[in-house]
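# Per-entry structural report
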Amino acid sequence: MKPIERSPDLYDPRAPQPDELVSRLGRWSAGRGPLYLLLAARLRRLVDEGALPPGALLPPDRRLAKALAVGRTTVVAAYDTLRQEGRLVRRQGSGTRVARPALAPAPPGEADTPPGADSPRGTETARVSETSNPLFLHLLEAPDDVILLSCAAPAQPPPELAEAYRSLVLPDGDLGYHPAGLGVLRAAVAARYTARGVPTGPERILVTTGAQQGLSLLTRLLLAPGDGVLVEAPSYPGALDLFREAAAVPLPVAVGPDGLDVAEAVRVMERHRPALAYVVARFQNPTGAVLPPLAGRRLVAAANALGVPLVDDEVLGDLAFDTAPDSASPSLSAYGEVIAVGSLSKVVWGGLRIGWVRGPASLVARLARLKALHDLGCDVPSQLVAARLLDDFAAVRAARLRTLRAGHAHLRAELARLLPSWSCAPATGGQTLWVRLPHGDGVSFAQLALRHGVAVLPGATADALGGSVRRLRLHFLLPPETLTEAVRRLAAAWAEYTPGPGPERSSLRGFTV
């Protein structure tokens, strides 16, 4: 799609005329759900695809409403939805503009503006996703001079992975198309659940291209525009992005030291009957909290009684620092009907794109049909390798945990040495620390930290309640010397940091892992 023409100043392009924007919106109202959510969904796509570039001035509410033949409240609600996500900036006297990417270089004339200080568009310029910005890719593929503390994934695959590929024997007489997954891998994953006290047959397992595809398929199958979805606050940003893209309405419930506030979650489910509830019960992303067994049992019982599909993201569940994999808390699937999503990316390697969904056989069959429309099934060699790794998974996991425990201790020691004013509780598992800054906000500090050569995840990008403003998520998966250098750079950035007014609301945007 051809971008709207812009003036030489990237951050002050001419506004598209209402008729021009209407033509770009196309058949935006074709679909189910409230009109404002359908309009917000189409505008969101134009922003994320770059058709509405950073700084683009959008038509005033009344003019766009007249051009679309809808009430002004529809446009106001759509604009407000995108403002809350951080995609738009609405300021009295300057109209509604597409926000500048959070980690983008400052526009001309703003390079020396202290982080968080007033600028031509105020502090709201900081709140927008990296998804519409080339720097978003740096969260996954950093340039050589940037240390990546924002993407929590193993930097080095284990030697068992290479060995499994070397000894790979491909089956004869097999076309290679298995939408639900290769039988041997489905059986291996099912056996893991059964061994953990959750009886499971292969028919209840769908193999996916990573856990992210599993979440994407569930979102597409179970959510329609306007549907409510219960989410933790904060939560995994990649899931929040999927729900927003589906034009669903987040129903956030706070997470504390003991995980989700289950009493409030039950009240939300009773009041709103969401189409989906999404939680990370073990080593919650990003806080690291673990939901106690009694609370987990109550959550599952309530969801089952109310008919709310409950999705438990188990990607981090194997990373308990204790040597017993289930010592922290059993899988929620042990308490009732739960849709579990898992993968090998955190224990083995992110480059092995093998994940799974465990659920009722009828749901798995529907998901398999949907997956077949997208890719006809995961590649067979990777599935065979994954099945072999699961045969001796305990050894692979033990090696990963040794690395994680050492990295956790080293990062905490370096933070205490160089940034003693920062605070974070020790983790009991997972791969990240949930750090609290003594003042300022994580978004503006992340911008400054990037200029010092280290990328971090601001907590506000993960919080649908608009909280976690002073939080950062830092992972400890890098070698000790790299973690030391990363903290040194963070300390140098902190010494320069001059916080301005905090953001009024967090952004829900910015895919991270």
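In short, a report on the structure. (Residues numbered from 1 in each chain as written. Predicted model: local features only at pLDDT ≥ 70, side-chain atom pairs only at ≥ 80, totals over all residues. Heavy atoms only, no water.)

### Here's the deal with the overall build of the chain
When its secondary structure is counted, the chain shows 15 helices and 16 strands. A buried classification covers 57% of the 513 residues belonging to the chain. Restricting the contact set of the chain to residue pairs at least 6 apart, pairs at least 24 apart contribute 76%. Total accessible area on the chain stands at roughly 20400 Å², and carbon and sulfur atoms take up 54% of it. (Helix = DSSP H or I, 4+ residues; strand = E, 2+ residues; numbered from the N terminus. Buried < 20%, exposed > 50% of the residue type's maximum accessible area, 1.4 Å probe, protein only. Contact = heavy atoms within 4.5 Å. Areas by Shrake-Rupley, 256 points an atom, 1.4 Å probe, with all protein chains shown as cover.)

### Digging into the pattern of salt bridges
Under the defined criterion, the tally for this structure stands at 16 salt bridges. Asp318 serves as the salt-bridge partner of Arg192, at 3.1 Å between the closest nitrogen and oxygen. With Arg192 in helix 6 (residues 183–195) and Asp318 in the loop between strand 10 (310–313) and strand 11 (339–343), this pair connects stretches of sequence that are 126 residues apart. Across the pair, exposure class does not vary: Arg192 and Asp318 are buried alike. Between Lys371 and Asp375 there is a salt bridge whose closest N-O contact spans 2.8 Å. What makes Asp375 partly exposed here is its relative accessible area of 29%. (Salt bridge = Lys/Arg side-chain N within 4 Å of Asp/Glu carboxyl O.)

### Observations concerning helix 11 (residues 361–374)
The end-to-end C-alpha separation of helix 11 is 20 Å, in line with the 20 Å expected for 14 residues at 1.5 Å each. All buried positions along helix 11 are accounted for by Leu363, Val364, Leu367, Ala368, Leu370 and Lys371. Those residues of helix 11 hidden inside the fold are in contact with helix 6, strand 5 (205–208), helix 7 (210–222), strand 11 and strand 12 (355–358). Just past helix 11, the residue Leu376 takes up positive phi, approximately 65 degrees. (Expected span 1.5 Å × (residues − 1).)

### Things to note about the environment of Arg470
Checked against the element boundaries, Arg470 lands in the loop between strand 15 (457–458) and strand 16 (471–475). Among the residues examined, Arg470 registers a relative accessible area of 33% and is labelled partly exposed. In contact with Arg470, other than residues within four places in its own chain, are Val435, Arg436, Leu437, Pro438, His439, Gly440 and Gly442. Of note is the side chain of Arg470, whose polar atom sits 3.2 Å from the backbone oxygen of Pro438. (Polar contact = N/O pair within 3.5 Å; in protein donor to acceptor, adjacent residues only side chain to side chain.)

### Comments concerning the nonpolar core
Counting residues in hydrophobic clusters, the biggest one holds 64 residues, and the most contacted among them are Leu149, Leu415, Trp422, Phe445, Val456, Leu474 and Leu490. Excluding residues that lie within four positions of it along the chain, Leu474 makes contacts with Leu149, Leu411, Leu415, Trp422, Gln431, Thr432, Leu433, Val435, Val456 and Leu490. Among the nonpolar cores identified, the runner-up in size contains 30 residues, and Ala180, Val315, Leu363 and Val364 belong to it. (Core = buried A, V, L, I, M, F, W, Y, C linked by side-chain atoms within 4.5 Å.)

### Some remarks on the packing of helix 7 against helix 8 (residues 237–245)
One can describe the packing of helix 7 onto helix 8 by two numbers: an axis separation of 10 Å at closest approach and a directional angle of 25 degrees. The angle between helix 7 and helix 8 places the two elements in the roughly parallel class. Between helix 7 and helix 8 the crossing geometry is right-handed. Facing Gln212, Leu215, Ser216 and Thr219 of helix 7, the residues of helix 8 in contact are Gly238, Ala239, Leu242 and Phe243. A class-by-class count of the residues in the contact of helix 7 with helix 8 yields 4 nonpolar, 4 polar and no charged. (Axes fitted to C-alpha atoms, helices over the stretch in contact; angles between N-to-C directions. Parallel < 35°, antiparallel > 145°, perpendicular 65-115°, else oblique. Left-handed = near helix turned anticlockwise from the far one by under 90°. Nonpolar A, V, L, I, M, F, W, Y, C, P; charged D, E, K, R; others polar.)

### What about the pairing of strand 9 (residues 276–279)?
Taking every second residue as pointing to the same face, both faces of strand 9 are buried, with Leu276 and Tyr278 on one and Ala277 and Val279 on the other. Sheet analysis places strand 6 (residues 228–233) next to strand 9, joined by 3 bridges and oriented parallel. By the bridge assignment, Leu230 is partnered in strand 9 with Ala277. Pairing analysis gives 3 bridges linking strand 9 to strand 10, with the strands arranged parallel. (Pairing = 2+ DSSP bridges.)

### A closer look at the sheet that holds strand 3 (residues 95–98)
A sheet is described by the order of its strands in space; here 3 strands give the open sequence 1-3-2, paired in antiparallel fashion. Lying at the two open borders of the sheet, with one neighbouring strand each, are strand 1 (57–58) and strand 2 (88–91). With 4 bridges joining them, strand 2 and strand 3 adopt antiparallel strand pairing. Across the sheet, the residue bridging to Arg91 is Gly95, located in strand 3. Packed onto the sheet, helix 4 (residues 72–85) meets strand 1, strand 2 and strand 3 and runs at close to 115 degrees relative to strand 2.

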